[in-house]
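Spelled out from the first residue to the last, the chains are:
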Amino acid sequence: MGEVVMVRSGIYHDSVALMRVSRALTELPGTEVAIVAMATELNLALARDLRFDLPAAGPADLLVAIRGHDVEAAARELDRQLVALSSSRPQAAADQPPLTTRSAARRPADVVLVSVPGEHAFAEALDAVHAGLPVMVFSDGVSVEREVLLKRLAEERDVLVMGPDCGTAVIAGAGLGFANVLRPGPVGLVAASGTGAQQVTSLLDLAGTGVSHVLGVGGRDLSAEVGGLSTVRALRMLDDDPATELIVLVSKPPAPEVARAVREVVESLRTPVVSALLGERDLTEATEEVLRALGRSVPEWPAWPGWSGKAVTGTVRGVYSGGTLCAEARLIVGRGEFVDYGDDAYTLGRAHPMIDPALRLEALAKAAPGDVVLMDVVLGHAADPDPAASFAHAIARCPATVVVALVGTEGDPQDLHRQAAALREAGASVFTSNAHAARHARDLT
């Protein structure tokens, strides 16, 4: 067993790109572990926990730590991967992207997307609002006090703040963050949930119905502290949009006083609104109400039930990447243990589980015989380019029975039907409705 540990100065790549390099090295025969990451305190601590002896390094340095039986092959692959990353960067000065939000705002723009570490996100979003531009804050880790300050300033500047921790938005067909390929249509969404919005819009797309816009507002917007500031603005924006015939409001249960205030706003709108609030109904039921309100038929949602042949004697273990999908499944099943690996506690310093499957692969490996593992697999842009390739082997080896909620559309780059076939062949039962998957898991136990 050999090791390679090095620090390279003057090289920077974003965390998602480096995560993919790490995964490529880890998948090489003979590699036990590979870390390729910026040398932040968190990444240095992770490498020390894996018993690597590290030289001095700082967050502006690239850390490489590899252990395995053929570290020379891994080092050669590392060089190839880094060359490929560098060659994909703009070469001409004219192609150099702006380095700050303030400089970007001086260019023609309709919306600003902020995706930086949480401690820096507020300042960048503030620059966007001061420039009079709507902003989507993909970053998490922003305090609720700063969120309120940002959204109150946005009210004064008459712009929309989507987020913080806004994972999904679609503006006139352009997806931002985690976004499925959706046909255009008459339904607009205001969503305090990224995966909740993806579930509703994916089901609508499977039913042949498209969307006008998806305005994410961040998971805390309907809390008592934030008071629905962005939700109210987004509702009114969609009400003024001639392409939107019906609005869907998607969220986990809001604070009661905020729900009352939002309800008063809804009653003042010209455009009808369908509520998809967890606790009132599940997301599939809400989607079906939308279709009926539009005078469209409700299809049988695609599903590929499997038979694992494994005895079920235990409980349901939820292994989720989407917080709202996890909460919905927990409500439906009513028992068991559920973990949202997309929560801030699990994403600090690492890629979201819709990109990096490592923590959920570990959970599958640790599942107990007799249990039912209920999990989501979310397709679309920015997500894992082939999640079935990541999960199929782990599902086949998992001692528990596996049920998958596959959230996606037939237009997504991962190919919905190919993903479903691979997951079912591995032994999972697959449903495009998370609610149906949860009920199937519940009925098994």
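Look up: the structure comes first, before these words.
Residues numbered from 1 in each chain as written. Predicted model: local features only at pLDDT ≥ 70, side-chain atom pairs only at ≥ 80, totals over all residues. Heavy atoms only, no water.

Overview of the packing of aromatic side chains
The description of two aromatic rings rests on the distance between their centres and on the angle between their planes. Let me state the cut-off plainly: A pair of aromatic rings is counted whenever rings of Phe, Tyr or Trp (Trp by its six-membered ring) have centres within 6.5 Å, and the orientation is called stacked for planes under 30 degrees apart, edge-to-face for over 60 and tilted otherwise. Helix numbers and strand numbers start at the N terminus; a helix is a DSSP run of H or I with at least 4 residues, a strand a run of E with at least 2. Burial here depends on accessible area, computed with a 1.4 Å probe over protein chains only, as a share of the maximum for the residue type. Under 20% is buried, over 50% is exposed, and the range in between is partly exposed.
Scanning all chains against the criterion turns up 2 aromatic pairs. Relative to phenylalanine 178, the ring of phenylalanine 138 has its centre 5.7 Å away and its plane inclined at 50 degrees; by these criteria the two rings are tilted. Of this pair, phenylalanine 138 sits in the loop between strand S5 (135-137) and helix H6 (144-157) while phenylalanine 178 sits in the loop between strand S8 (174-177) and strand S9 (184-191), and the two are 40 residues apart along the sequence. The partly exposed category is assigned to phenylalanine 138, whose relative accessible area is 24%. On the accessibility criterion, phenylalanine 178 (4% relative accessible area) is buried.

Some thoughts on the pattern of salt bridges
Which entries qualify depends on this criterion: Throughout this description, the term salt bridge denotes a Lys or Arg side-chain nitrogen within 4 Å of a carboxyl oxygen of Asp or Glu.
Per the counting criterion, the structure on display carries 22 salt bridges. Across the pair glutamate 3 and arginine 67 runs a salt bridge whose closest N-O atoms are separated by 2.8 Å. Here glutamate 3, found in strand S1 (residues 2-9), pairs with arginine 67, found in strand S3 (residues 61-68); they are 64 residues apart in sequence, far enough to count as distant. Connected through shared salt-bridge partners, Glu147, Lys151, Arg220 and Asp221 make up one network.

Some words on the sheet that holds S3
We apply this condition: Strands pair, by our definition, only if DSSP identifies at least two bridges between them. Lines are fitted to the C-alpha atoms to define the axes, a helix being fitted only along its stretch in contact, and any angle between axes, read from their N-to-C directions, falls within 0 to 180 degrees. When checking whether two residues touch, look at their non-hydrogen atoms; a contact exists if any pair is within 4.5 Å.
Taken together, the 3 strands give an open sheet; going across it, the order is S1-S3-S2, and neighbouring strands pair in antiparallel fashion. Of all strands in the sheet, those with a lone pairing partner are S1 and strand S2 (31-38), marking the two edges. Neighbour-to-neighbour, the strand axes of the sheet open up by a mean angle of 5 degrees, direction not taken into account. Pairing analysis gives 7 bridges linking S2 to S3, with the strands arranged antiparallel. Within the sheet, the bridge partner assigned to valine 33 lies in S3 and is arginine 67. Contacting S2 and S3, helix H2 (residues 41-49) crosses the sheet at an angle of about 160 degrees to S2.

Brief notes about the state of the cysteines
How we decide: Here, two cysteine sulfur atoms that lie within 2.5 Å of each other are counted as a disulfide.
In this structure the tally under the stated criterion is 0 disulfides. A disulfide-free cysteine, cysteine 326 has its sulfur positioned 17 Å from the sulfur of cysteine 398, the nearest such atom. For cysteine 326, a relative accessible area of 0% puts it in the buried group.

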